[in-house]
Amino acid sequence: MADAAPPSESLSEDGGKRRDFLVLAAGAMGGMATVAVVWPLIETMNPSADVLALASTEVDLSAIEEGQTIVVKWRGRPVFVRHRTADEIAAAQAASLDELSDPQPDSERAPQAQWLIVEGVCTHLGCVPLGSKLGDPRGEFGGWFCPCHGSHYDTSGRIRKGPAPANLPVPTYEFLDDTLVRIG
Amino acid sequence: MRRALLAGLVIGALALSGGQAAHAAGETADVPDQDWQHEGVFGSFDRGELQRGFQVFQEVCSACHSLQYIAFRNLVEIGFTADEAKAIAAEYEVEDGPDDEGEMFDRTARLSDYWPSPFANDNEARYANGGALPPDLSLITKAREGGADYIYALMTGYEEEAPEGMEMADGMNFNHFFPGQQIAMVAPLYDEAVEYVDGTPMTLEQHARDVTAFLSWAAEPELEERKETGLKVLIFVFVLTAVLFVIYRRVWARLH
Amino acid sequence: MTTPVPQNRVAQWIEYRLPVFSWTNKHLIDYPAPRNLNYWWNFGSLAGFMLVLQIVTGVVLAMHYTPHADHAFDSVEHIMRDVEWGWLMRYLHANGASMFFAVVYIHLFRGLYYGSYKSPREILWWMGVIILLLMMASAFMGYVLPWGQMSFWAATVITNMTSAIPWIGETVVTWLWGGFSVDHPTLVRFYALHYLLPFVIFAVVFIHLWALHHRKSNNPLGIDIKSDKDTIPFHPYYTVKDMFGLGVMMFILLLFTFYMPNVLGEVINYEKANPLQTPAHIVPEWYFLPFYAILRAIPDKLGGVVAMAASILILFILPWLDTSRVRSARFRPIYKWAFWVFVVDCIALGWVGANTPEGNFIWIGQVTTGYYFAHFLIVVPLIGKFERPTKVPESIHQAVLKGGEGAGEAAAAGAAGAAAAPASGEQS
């Protein structure tokens, strides 16, 4: 067929500079168009506006007795809010930073010492540690114990023993008044 | 070309006849065309008008009508600050729960909450309104033939008395534009129905315009983004297509 | 045809194991296409593009949609209001369905005009009809998903058609519904099938193209490819032409999507489904209107359903109803007229379908329905017997080189064809 019909050839093989420019322009615009199509397709999978609107939650602390932990759902995950006893506070503050694998002073994690607020997600593989309910095992350090792979957290939610690499994270929160805290 | 034109005419007529068929029932008046700032290629909403319309909705319509797809956070989109929106939300209570004892409880509304409905469910709404269900308003301008024009016409189309010879059912009101001309809703707006603080005249027409604009936004909150994006996209596609046409002609020119 | 050997070593490694490069070359680059294809041949690739666009936007929508009678409507509003670019995805998908049908209908009428259904392309044609049937099923079930008033009542009316089947009809309807009326179970199965069918269409499209590439494209002259002189390589000639056509179609689709997203829809579908109240005026989407008119033209429940089904199924036997040995209407002076009368008949059926069946619409609907079938069963077979075709050129090559006459013809056919294709106005 080569002699009869023009052979298959690129768009801009001949025909001078003008067409080269046009083909280039079309190619560039086609690329832009592809990006412009793919971008919103990807963005649709981001959190939607109603999900973002639930990014913070308010917790009333007045009903939590000393020694009690409540579990609040925040952004789809559990948050532990613990009203710590004097003993627990003392234990948390007494721990030397040298003993910790993820050193962080208790005063940084709980600015208001009787309230400890941490995300209840084990930093190893995402399980929820036990220790919030009465009768739960609380591990060797009196805080939380993750049943999945045996991580022990202390009364400040810091990792003390086991495979987890880091302390239970402290979410950003703000005390709106003495008994009302906004998480997130 | 001639045939193409003819075909265009046929299809145009087809489209028109299809559109008009819905109006044909009864002797209901045709809805007059209104100018809206949100119409057209460059259409956008007037924030002041939307906020006044919101005030009309809040003080008048919301007594009977729900607005279930609008959350308090959405009020930021019509020009309120987050704090103002929060303050508006704080005026309302919503049901939440169950609490630790298993009970549902009321609490102050937050930004993430949706506009509370005046009735617990459709049956209660019907019962409280003599059997007529006040429709949810969040999609009303999209859900009615004539759209915003129709809502405006309906708001301004009441008469105190039905025309002579027309038998009105019990508790019904005469409206030129409602299908069948008998509507259960009492004329909701009148001069000075709502007190504006920005000095806008407080006439029936102005109230109707404002609340219609607000409801148009509630039905199509994406309208401004849609039209802005659309303009850019269409210009882009037009230029790209023109370039492709030139390349196409040049490539094919090799054949002759 | 020479198969280029990939120069790159990685490409050679792949080619040896899976011949993607020679395959692409064979079917998309050096593929010999008739050199005289006009713009009406753009619509096949456009339909293919629309299928892909529908699948892509549909998958995104499915990530946010909730197939539940209580939540479906709300989830669609969630997509419109809260999902980033959700409104764009839904409007593209909804208007894309219309564009898909517009393009496919033009593609189909092009086949009717140029005799693309005739030997040796009967199976190619059948695959096309099967695609059309699958599209109709997909479109109908997709329309039900928003669970608005028209969704609900369309589902009720269409599924009730099966109750016309003698003896077992009622059982079949209950089975379709999964209950005693259109309700949650119906919605969920429609959702499942609406997700499935486009991929079935994709598979049938593959067979459609397989048959096409086996016997090669028909062309405006309707004569076979006789030598290499009759063809040009698909790339760059038709790739660039298809790209241009795609630009024009996208412009129209995006114009609707951004500026008239709801004109093709029914306002009442923005009201949540209410099983206790039927809307005053039930109409299907525009692409179903002619068939709706045929359904209503027969004053008998079973008869109407049978006629509607027959109006599409008759396309399967069209290759044998058409007795003419000439393919292209360009050389068939009488069939050319019959074709345009048929086009007008279809538009008239659509017009009748859009209106309430009362007054003149009743008899107009019956006459146009009668003619629809007469076209296939009487007009086309008879014309084939008595018509004297004008002289068909020896080869594509000769006809193209002679220019003048052929080109003028093509332009006339192009302008005339616009009757079936409002969307293509800018192309001609």
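The structure this text deals with has already been given above.
Presented here is a report on the structure given in the accompanying data block. Since the structure is predicted, the reported quantities are computational estimates derived from the model, not experimental observations.

In this section: the nonpolar core. Counting 149 residues, the largest nonpolar core has Trp252(B), Phe101(C), Leu112(C) and Trp147(C) as the members making the most contacts within it. At 18 residues, helix H5 (residues 86-114) of chain C tops the list of elements feeding residues into this core. Once residues within four sequence positions are removed from consideration, Leu112(C) is found in contact with Tyr117(C), Trp125(C), Leu318(C), Tyr335(C), Phe339(C) and Phe342(C). Of all hydrophobic cores here, the second largest spans 43 residues; its members include Tyr92(B), Ala148(B), Ile183(B) and Val194(B).

All names here are of chain B. Applying the stated rule across the entire model yields 25 salt bridges over all chains. Put simply, Glu-220 and Arg-226 hold a salt bridge, and the shortest N to O gap is 2.9 Å. What makes Glu-220 buried here is its relative accessible area of 14%. What makes Arg-226 buried here is its relative accessible area of 2%. Ionic pairing is found between Arg-226 and Glu-222, a salt bridge with its closest N-O pair at 3.0 Å. We note that Arg-226, like Glu-222, is buried.

Residues and elements named next belong to chain A. In terms of strand pairing, strand E8 (residues 173-177) meets strand E9 (residues 180-183) through 4 bridges, oriented antiparallel. Considered in E9, the bridge of Asp-177 is made with Leu-180. In sequence, E8 turns back onto E9 through a hairpin of 2 residues.

The next thing to look at is the interface of chain C and chain B. The interface is formed by 47 residues belonging to chain C together with 46 residues belonging to chain B. Buried area between chain C and chain B, summed over both chains or domains, comes out near 4,200 Å², and the portion from carbon and sulfur atoms is 68%. Considering only the surface of chain C that becomes buried against chain B, Arg81(C), Tyr237(C) and Tyr259(C) emerge as the three largest contributors, covering 17% of it. Connecting chain C to chain B are 2 salt bridges. Arg73(B) is paired through a salt bridge with Asp82(C); the nearest N and O atoms lie 3.3 Å apart. Between the two partners, chain C and chain B, sit 12 residue pairs in polar contact (both at pLDDT 80 or more). Only helix H4 (72-81), H5, helix H10 (234-259), helix H13 (333-354) and helix H16 (404-417) of chain C provide two or more residues apiece to the side of chain C that touches chain B. Among the elements that take part in the side of chain C that touches chain B, H10(C) stands out by supplying 16 residues, more than any other. Looking at the side of chain C that touches chain B residue by residue, the classes come out as 33 nonpolar, 6 polar and 8 charged.

Now for the sheet that holds strand E4 (residues 115-119) of chain A. All names here are of chain A. Pairing is antiparallel in the open sheet, where 3 strands are placed in the order E2-E3-E4. Single-partner strands in this sheet number two, and they are strand E2 (69-74) and E4. Neighbour-to-neighbour, the strand axes of the sheet open up by a mean angle of 20°, direction not taken into account. In this sheet, E4 lies alongside strand E3 (residues 77-83) in antiparallel orientation, the contact comprising 5 bridges.

Moving on, we get to unusual backbone geometry. When glycine is set aside, most residues are seen to have a negative phi, and most peptide bonds are trans. The omega torsion across Ser119(C) and Pro120(C) is 5°, close enough to zero to call that bond cis. Relative to the helices and strands, Pro120(C) resides in the loop between H5 and helix H6 (122-144). Between His235(C) and Pro236(C) the backbone carries a cis peptide bond, its omega angle lying at 5°. Structurally, Pro236(C) is set in helix H10. A positive phi angle is found at Glu192(B), which is not glycine, with a value near 60°. Within the fold, Glu192(B) resides in the loop between strand E5 (182-183) and helix H6 (204-219). Positive phi, normally seen in glycine, also occurs at Trp85(C), with a value near 60°.

Each value, and the rule that gives it
Residues numbered from 1 in each chain as written. Chains lettered and ligands numbered in written order. Predicted model: local features only at pLDDT ≥ 70, side-chain atom pairs only at ≥ 80, totals over all residues. Heavy atoms only, no water. Core = buried A, V, L, I, M, F, W, Y, C linked by side-chain atoms within 4.5 Å. Buried < 20%, exposed > 50% of the residue type's maximum accessible area, 1.4 Å probe, protein only. Helix = DSSP H or I, 4+ residues; strand = E, 2+ residues; numbered from the N terminus. Contact = heavy atoms within 4.5 Å. Salt bridge = Lys/Arg side-chain N within 4 Å of Asp/Glu carboxyl O. Pairing = 2+ DSSP bridges. Buried area = accessible area lost by both parts, 1.4 Å probe. Polar contact = N/O pair within 3.5 Å; in protein donor to acceptor, adjacent residues only side chain to side chain. Nonpolar A, V, L, I, M, F, W, Y, C, P; charged D, E, K, R; others polar. Axes fitted to C-alpha atoms, helices over the stretch in contact; angles between N-to-C directions.

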